[in-house]
Amino acid sequence: MMKVTLDLHNKALELRKLGTIFLCKSLCVAGLVLVVSNPSYSQSTDKGFGQNTPIVWSPLLSYCQPNQQPPTPGHPGPQFRLPASQQKPMPQLGISSNSTSVQTAETCFPEPKYDPFTLPPGTNLLPNVYVDMLDGTGESMPNTLPSTPNIPYNLHDGHPVVTALSNAISPTDDLHSVVFGLEKSIADKNQEGVTEWLKLGRNILEGNKIKDRHYSGFPVLHYQGGTKEQIVDPKSKKVKVHQIWYDEHIESDTAFLNLSKLDPEDTWTIEYTVDVLNRGEDDFSPFVMYFDDPSLTPKGGKPLPHIGMDQSFFPMQQGTRTVFKIKMTRAKYLNLIYTWGWRMHPPRIQAMENSKKMFPPLGDGVDTKGNPVVRKSVLAWEKSVFTSNPNASEKRKVDVISMIGDLSPAKRMWNAFRSAQHKGNDWIKLAVYATSAKDAYFDWRTRSRLPDGVEPDPESDITLLYVNNTIYGEFVDEEKPLQFAEVRWPEWKKRNDHELKVTLHNGDYYQRAYDNVDFGGARGWENQFKSSTKVGGSGCWFTFGRAHWMQNMSAIILAPSPGGVETEKHQVSIRFNYEPSTRLRFYQFDPMHHDVGIYSIH
């Protein structure tokens, strides 16, 4: 190790004389840095935003590369890939069970002597490399270097454009007015007021057009997923995405990206328009996940996991609209993009899948009962439940919304408003429905604890409820009051020191699934630590990082039977044979219905 360090140091001194070297300024494994040559960085005059500068690649550092066939390049190419996790029972054997045990393969990083959360960064932090990533064929992947010493926003296609919104009123604000206004109108026996409040409440929940509201068209009930596909234009090679941020929510008009009209080698751009409503202030930081080159996918096998990265980390203020243009690498690599608000994460998170991605990823998928699972695209799964036009008629809208479980706080509000609309001036029954709607409103305010009607499993660390096409969760922590519910699992610090136990309930009336993904703990991660304060950013602690991701599950786990909260649950137990990255412990989501069906843990 000392000889490697001295060799790199001497190489750095040689290149420094040529004026073409930038050393990494963050912590690196064992004090190592990887030297790269890119004189174009020092010539940029665009105040920190990307300029499509060419990347000149210098020699690799192959770190933690066990014997493998065929050999692959090390960092900044694909890191080693672990064998599949040991998962029991294996449903292929025809075993029926309400539980699944998972033990991941062991990383080849050395086990750190100290807790990496007490004495960071641990052994899985890779040396910073200021070049684009390489795929498994050794080919450079354009637009995969998110930050450099002189250009913190390297993937921005020009400056973000910020304008003021006419108002920052959010669905939360208006629903608050509805539930309390309805209560008062009933107490005053004001039938006209009752009618108006009930109409507004349903319009908010259903996403109907509402005048002077920037959230108009974004429903609180998540039943329009089948309509949320955007096709990347083959001429401009661009696609537009519109999001609203408020409270714990990121709601988007796009859950699926269709790249089929692009050439697989095309690079492309996403133009995000982000409206930040009340209590939605945060940093814009889409995290993209890429597969390796499709030519390397084994015949009949799954696409190979490769790299993920924060593409930006730009502050957004309440009451503003910001337009971002983010550069993407070649179309052939896209897995998905999830946008997260790190100040409230989760549940401030939303994902956009490659609409052609298949679930199950292989053709022989079976569930935990041994039943075959039909293989469809992720978009087809969404349309199979919510159709491609849920607003074709009032009847279809009601039928589609009925697929959402009645334990959903949003659905409970909707049920209460609809029932109240048929009660005329029966003030006693109207008061009952108003109380039900108000209670549901307060349940809806957070996904970080379970709603009324569902109790956390005392035998598990966390209980997840699938409902309203999203996920609610709650940790078991008797020492902490419920109002301080957190989405952290600090027990896991080093490999195999704690077994994660997750209880799954499916409150919706259609099939849901569970997956658990690692963001660099097992295969390594980078963190450039580039401050963005000079160009209006917030500075950064864990921003612009790149992580070699992998799936922790080796077989499909479907949530219990639809609507089975009272009668059925499924428990997943996972032992992690690696240290988590200090950015994110694990990513939990529904691979059948992704969008906002996410509950990641720090």
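Basis of the calculations
Residues numbered from 1 in each chain as written. Predicted model: local features only at pLDDT ≥ 70, side-chain atom pairs only at ≥ 80, totals over all residues. Heavy atoms only, no water. Helix = DSSP H or I, 4+ residues; strand = E, 2+ residues; numbered from the N terminus. Contact = heavy atoms within 4.5 Å. Areas by Shrake-Rupley, 256 points an atom, 1.4 Å probe, with all protein chains shown as cover. Phe/Tyr/Trp six-rings, centres within 6.5 Å; stacked < 30°, edge-to-face > 60°. Buried < 20%, exposed > 50% of the residue type's maximum accessible area, 1.4 Å probe, protein only. Pairing = 2+ DSSP bridges. Axes fitted to C-alpha atoms, helices over the stretch in contact; angles between N-to-C directions. pLDDT = per-residue confidence, 0-100. Arc of directions from axis to C-beta. Expected span 1.5 Å × (residues − 1). 1 Å grid on protein atoms, 1.4 Å probe; cavity = no way out; pocket = protein on both sides within 12 Å on 5 of 7 lines; lining within 4 Å. Points joined across faces, edges and corners; volume = space filled by probe spheres on them. Nonpolar A, V, L, I, M, F, W, Y, C, P; charged D, E, K, R; others polar. Salt bridge = Lys/Arg side-chain N within 4 Å of Asp/Glu carboxyl O. Core = buried A, V, L, I, M, F, W, Y, C linked by side-chain atoms within 4.5 Å. Parallel < 35°, antiparallel > 145°, perpendicular 65-115°, else oblique. Left-handed = near helix turned anticlockwise from the far one by under 90°.

What follows covers the overall build of the protein chain. Scanning the protein chain from N- to C-terminus turns up seven helices and 27 strands. Look at the contacts in the protein chain between residues 6 or more apart in sequence, and 74% of them connect residues 24 or more apart. Of the roughly 24,100 Å² that the protein chain leaves accessible, carbon and sulfur atoms contribute 52%.

A separate point is the packing of aromatic side chains. By convention here, two paired aromatic rings are described through the distance between centres and the angle between planes. According to the stated counting rule, one finds 24 aromatic pairs in the structure shown. With centroids separated by 4.9 Å and ring planes inclined at 10°, the aromatic side chains of Phe 287 and Phe 519 adopt a geometry described as stacked. Here Phe 519 lies in strand 21 (residues 513–519) and Phe 287 lies in strand 10 (residues 286–291), a separation of 232 residues in the sequence. Residue Phe 287 shares its accessibility class with Phe 519, and that shared class is buried.

Another aspect to go through is the side chain of Ser 355. Take Ser 355: it is sitting in the loop between strand 15 (349–354) and strand 16 (358–359). Residue class for Ser 355 comes out buried when judged on its relative accessible area of 2%.

Attention shifts here to the sheet that holds strand 3 (residues 161–164). Paired through their backbone hydrogen bonds, the strands of a sheet run either parallel or antiparallel. Spatial ordering of the open sheet is given by 3-13-8-5-6, a layout of five strands whose pairing is mixed. Edge positions in the open sheet fall to strand 3 and strand 6 (249–252), since each of these has one partner strand only. Across the sheet, the axes of successive neighbouring strands diverge by a mean angle of 25°, strand direction being ignored. Relative to strand 13 (residues 320–328), strand 8 (residues 268–276) runs antiparallel, the two sharing nine bridges. What sits directly across from Thr 269, in strand 13, is Lys 327.

Moving on: the confidence of the model for the protein chain. Taken as a whole, the protein chain shows an average pLDDT of 84; of its residues, 81% reach a score of 70 or greater. Long-range and interchain partners of residues 52–62, a stretch whose pLDDT sits below 50, account for 33 contacts in this model, where long-range means more than four residues apart.

This next bit is on helix 5 (residues 394–401). Every buried residue of helix 5 is accounted for by Lys 397, Val 400 and Ile 401. Seen along its axis, helix 5 keeps its buried residues to an arc of 95°; they face one direction. Check the buried side of helix 5 and you find it contacts helix 3 (191–206), helix 4 (378–386) and helix 6 (409–421).

Okay, the pairing of strand 5 (residues 238–246) next. Strand direction decides the pairing type here: strand 5 and strand 8, joined by eight bridges, are parallel. Within the sheet, the bridge partner assigned to Gln 243 lies in strand 8 and is Val 274. The sheet contact formed by strand 5 and strand 6 spans four bridges and is antiparallel. Across the sheet, the residue bridging to Gln 243 is Ser 252, located in strand 6.

What follows deals with the pairing of strand 13. Remember that side chains alternate between the two faces of the sheet whenever the strand is regular. Pairing of strand 3 with strand 13, which is carried by four bridges, proceeds in the antiparallel orientation. Bridge pairing in strand 13 links Val 161 to Val 323.

So, about helix 7 (residues 427–444). With 18 residues, helix 7 should cover 26 Å at 1.5 Å per step; its first-to-last C-alpha distance of 25 Å lies within 8% of that length. Within helix 7, the full set of buried residues consists of Trp 427, Leu 430, Ala 434, Ala 437, Lys 438, Ala 440, Tyr 441, Asp 443 and Trp 444. Those residues of helix 7 that are buried lie in contact with helix 2 (171–187), helix 3, strand 5, strand 6, helix 6 and strand 19 (470–475).

Here we come to empty space enclosed by the protein. Using the criterion set out here, one finds three cavities of 30 Å³ or more in the structure. Counted as a void, the largest cavity has a volume near 130 Å³. Lining the largest cavity are 14 residues, and of these His 222, His 249, Glu 251, Arg 447 and Thr 470 lie nearest its centre. At the level of secondary structure, the elements contributing two or more residues to the lining of the largest cavity comprise strand 6 and strand 19. For the lining of the largest cavity, the element with the highest residue contribution is strand 6, accounting for three residues. Classifying every residue of the lining of the largest cavity by side-chain character gives six nonpolar, four polar and four charged.

Across the junction of Pro 120 and Pro 121, the peptide omega takes the value 10°, indicating a cis bond. Of note, Pro 121 is situated in the loop between strand 2 (99–103) and strand 3. We note that Lys 237 has phi near 55°; this positive angle belongs to a residue other than glycine. By secondary structure assignment, the location of Lys 237 is in the loop between strand 4 (229–231) and strand 5. Although it is not a glycine, Asn 469 sits at a positive phi angle of roughly 55°. On the accessibility criterion, Asn 469 (3% relative accessible area) is buried.

Moving on to the pattern of salt bridges. Within the structure shown, the criterion is met by 28 salt bridges. Asp 188 is paired through a salt bridge with Lys 184; the nearest N and O atoms lie 2.7 Å apart. One connected set of salt bridges, linked through shared partners, spans Glu 139, Glu 265, Asp 293, Arg 330 and Lys 332.

Ranked by size, the top nonpolar core spans 52 residues in total, and within it Trp 268, Tyr 272, Tyr 338, Phe 519 and Tyr 587 carry the most contacts. Ignoring anything within four residues of it in the chain, the contact list for Tyr 338 reads Ser 285, Pro 286, Phe 287, His 345, Ile 349, Gln 350, Ala 351, Phe 519, Leu 584 and Tyr 587. In this structure, Leu 221, Phe 386, Ala 437 and Val 454 belong to the second largest nonpolar core, which totals 44 residues.

Across the interface, helix 6 lies against helix 7 with an axial gap of 8 Å and an inter-helix angle of 160°. Between helix 6 and helix 7, the interaxial angle falls into the category roughly antiparallel. Note on packing geometry: the crossing formed by helix 6 with helix 7 is left-handed. Only Leu 430, Tyr 433, Ser 436, Ala 437, Asp 439, Ala 440, Tyr 441, Asp 443 and Trp 444 of helix 7 make contact with helix 6, whose side of the interface consists of Pro 409, Ala 410, Arg 412, Met 413, Ala 416, Phe 417, Ser 419 and Ala 420. Residue composition of the contact of helix 6 with helix 7, grouped by class: twelve nonpolar, two polar and three charged.

Glancing now at the packing of helix 2 against helix 3. Look at helix 2 against helix 3: their axes get within 9 Å of each other, and the N-to-C directions meet at 155°. Overall, the two elements helix 2 and helix 3 adopt an arrangement that is roughly antiparallel. Between helix 2 and helix 3 lies a crossing of left-handed hand. Contact with helix 2, carried on its side by Pro 171, Asp 174, Leu 175, Ser 177, Val 178, Gly 181, Leu 182, Ser 185 and Ile 186, involves Gly 193, Val 194, Trp 197, Leu 198, Leu 200, Gly 201, Ile 204 and Leu 205 of helix 3 and no other residues of that element. Among the residues forming the contact of helix 2 with helix 3, the class breakdown is eleven nonpolar, five polar and one charged.

Let us look at the sheet that holds strand 11 (residues 305–310). What the eight strands build is an open sheet, ordered 4-7-15-14-10-11-23-22; its pairing is mixed. The strands lining the two open edges of the sheet, one partner per strand, are strand 4 and strand 22 (525–526). Pairing of strand 10 with strand 14 (residues 334–340), which is carried by five bridges, proceeds in the antiparallel orientation. Across the sheet, residue Pro 286 finds its bridge partner in strand 14, namely Thr 339. Packing of helix 4 onto the sheet brings it into contact with strand 4, strand 7 (256–258) and strand 15, and relative to strand 7 it is tilted by some 130°.

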